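Each chain is listed here by its residues.
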Amino acid sequence: MAMETILGIRGPDFVMLASDTMQAKSLIFMKDDQSKIHRLSDFSMIATVGDGGDTLQFTDYISKNLHLYKIANGYHLSPRAAAHFTRKNLADYIRSNTRYQVAMLLAGYDVVEGPDLHYIDSFGAAQSINHAGHGWGSVFCGSILQRYWHQNLTQAEAVSILKKCVAEIQKRLIINQRNWDVFVVDRSGMRQLESINPASLSFDVLSLNW
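Counting restarts for each chain, with residues numbered from 1 along the sequence as it is written. Local features in a predicted model are, by the rule used here, given only for residues with pLDDT of at least 70; side-chain atom pairs are given and counted only at 80 or more, and totals for whole chains, interfaces and linings are based on all residues. Note: side-chain values were computed over all heavy atoms of the structure, leaving out hydrogens and water.

## With respect to the overall build of the protein chain
Comment: elements are numbered from the N terminus, with helices defined as DSSP H or I runs of at least four residues and strands as E runs of at least two. Of the regular secondary structure elements, the protein chain holds 5 helices and 12 strands. The quantity called the radius of gyration is restricted to C-alpha atoms. Its globule counterpart is 2.2 Å times the number of residues to the power 0.38. At 16 Å, the protein chain has a C-alpha radius of gyration in line with the 17 Å of a compact globule built from 210 residues. In terms of overall dimensions, the protein chain has a C-alpha envelope of 50 × 40 × 25 Å along the principal axes. Whether a residue is buried, partly exposed or exposed follows from its accessible area with a 1.4 Å probe, protein chains only, as a fraction of its type maximum: under 20%, in between, or over 50%, in that order. Across the 210 residues in the protein chain, those meeting the buried criterion constitute 49%. Summarising the internal contacts of the protein chain: among those between residues at least 6 apart in sequence, 63% fall at separations of at least 24. Computed by Shrake-Rupley with a 1.4 Å probe, the accessible areas treat only the displayed protein chains as cover when residues are assessed. Summed over all atoms, the accessible surface of the protein chain reaches about 10,500 Å², with 52% contributed by carbon and sulfur. The contact criterion used is simple: two residues touch if any of their non-hydrogen atoms lie within 4.5 Å.

Quick look at the structure:
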C-alpha cells in the first residue's frame, strides 16, 4: 500500500478529490509540494498513487490519448468512458513486460451522465463509487466517509468531510502528511480549492460527532 493518500467524494452535481503533497522514497522525505491530481480534460481529472515514475508516465499517457481522441472526434470522452479506457490500458500493461504500479481515482462531470467517481486499483479493477481512497491514510477515512456522506451533499459539506479525514490521518498515521491539494469538477469545469493544512483545521473540524 502506498505511503501517499488520495481521497474522493461524489456529490449530486460535483466530484471532489484531495491528495497529500508529500513525495518520499522509502524512508526518505523528498519534498512537500508534489501534486498527485492531474487534469485530463476541462471536465475530468485523475488522482494517482504508487511508484513515482509510473504515476507520472501512465497519467501522461492517458492524458495525451484522451486529448488525441478529442482532436480526432471533436469531443471529450465521458468520465465513465475515460475510466474504462484507463482501466483497460492498465490491465493490458499488467499482462506485458511493462507493468505500472499505479492506483487511481478518476473524477469527472458530464452534462448527460452527471458527476462520476471511479475507483481503479493497481490490478485494473474499476468501480463507480460515491466515496473512496487509496493509500495508508485512506484506512482511517472509510468510517468518516460512510458516516457523513449523503445524497444531497454540498461542496462545503464535502470540504468539511475531507478536513475531518485529514485531521484523523494526521492524528493516527505516523507518516507526516501535513499539506493537501483539493480539486473539484462540476458543470463549470475543473478548479482548485483552498488547500488543507494544519492552519486551516479548526477545532470544530477536529471534533468528530458520532
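After that view, the rundown keeps rolling.
## What to know about the packing of aromatic side chains
Working definition: an aromatic ring pair is given by the centre-to-centre distance plus the angle between the planes. Note on aromatic contacts: the rings of Phe and Tyr and the six-membered ring of Trp form a pair at centre separations within 6.5 Å, being stacked when their planes are under 30 degrees apart, edge-to-face when over 60 apart, and tilted otherwise. Applying the stated criterion across every chain, the model contains 5 aromatic pairs. For the ring pair tyrosine 61 and tyrosine 93, a centre distance of 5.9 Å and an interplane angle of 80 degrees mean the geometry is edge-to-face. Taken together, the positions of tyrosine 61 in helix H1 (residues 52-73) and tyrosine 93 in helix H2 (residues 79-94) put the pair 32 residues apart, joining distant regions of the chain. The exposure class assigned to tyrosine 61 is partly exposed, which follows from its relative accessible area of 29%. Judged by its relative accessible area of 21%, tyrosine 93 falls in the partly exposed class. Aromatic pair tyrosine 93 and tyrosine 100: ring centres 4.9 Å apart, planes at 85 degrees, arrangement edge-to-face. We classify tyrosine 100 as buried; its relative accessible area is 6%. Here the aromatic cluster, defined as three or more aromatic residues joined through ring pairs, consists of Phe58, Tyr61, Tyr93 and Tyr100. When the ring centre of tyrosine 148 is taken as reference, the NZ or CZ atom of arginine 147 above it lies at 5.1 Å. The ring centre of tyrosine 148 lies 5.1 Å from the NZ or CZ of lysine 164, which sits over that ring. Should the NZ of a Lys or the CZ of an Arg lie within 6 Å of a ring centre and within 35 degrees of the ring normal, that charge is described as sitting over the ring.

## Description of the nonpolar core
Side chains of a nonpolar character, in soluble globular proteins, are inclined to be buried together. In plain words, nonpolar cores are sets of buried Ala, Val, Leu, Ile, Met, Phe, Trp, Tyr and Cys residues tied together by side-chain atoms within 4.5 Å. Ranked by internal contacts, the top residues of the largest apolar core, which has 26 residues, are Ile9, Met16, Ile161, Leu162, Cys165, Trp180 and Ile196. Elements with a minimum of two residues in this core: strand S1 (6-10), strand S2 (14-20), helix H3 (142-148), helix H4 (155-172) and strand S11 (180-186). If near-sequence neighbours (up to four positions away) are discounted, cysteine 165 is found in contact with Leu7, Cys141, Ile144 and Leu145. Residues Met45, Ala103, Ala107 and Val185 belong to the second largest nonpolar core, which totals 16 residues.

## Let's talk about the pattern of salt bridges
When a carboxyl oxygen of Asp or Glu lies within 4 Å of a side-chain nitrogen of Lys or Arg, that pair is called a salt bridge. For the structure shown, the criterion picks out 8 salt bridges. Notably, a salt bridge pairs aspartate 116 with arginine 10, separated by 3.1 Å at the nearest N-O pair. Note that aspartate 116 is positioned in strand S8 (residues 114-120) and arginine 10 in strand S1, a separation of 106 residues in sequence. Each member of the pair, aspartate 116 as well as arginine 10, is classed as buried. Close ionic contact of lysine 88 with aspartate 92 constitutes a salt bridge, the shortest N to O distance being 2.9 Å. Of the two residues, lysine 88 and aspartate 92 are both situated in helix H2; the distance of 4 residues between them amounts to about one turn of the helix.

## Thoughts on the packing of H1 against H2
As a rule, the C-alpha atoms of each element are fitted with a line to give its axis, helices using only the stretch in contact, and angles between N-to-C directions run from 0 to 180 degrees. Put simply, H1 and H2 touch, their axes get as near as 11 Å, and they point 135 degrees apart. When the axes of H1 and H2 are compared, the pair comes out oblique. In terms of crossing hand, the pair formed by H1 and H2 is right-handed. Taken together, the residues of H2 that come into contact with H1 (itself represented by Phe58, Tyr61, Ile62, Asn65 and Leu66) are Ala82, Phe85, Thr86, Asn89, Leu90 and Tyr93. Ten residue types, Ala, Val, Leu, Ile, Met, Phe, Trp, Tyr, Cys and Pro, are classed as nonpolar, four, Asp, Glu, Lys and Arg, as charged, and the remainder, Gly among them, as polar. Class assignment for the residues of the contact of H1 with H2 results in 8 nonpolar, 3 polar and no charged. Reported orientations rely on four angle classes, namely roughly parallel under 35 degrees, roughly antiparallel over 145, roughly perpendicular from 65 to 115, and oblique for the rest. Crossings are classed by handedness, with left-handed meaning an anticlockwise turn of the near helix from the far one by less than a right angle and right-handed meaning a clockwise turn.

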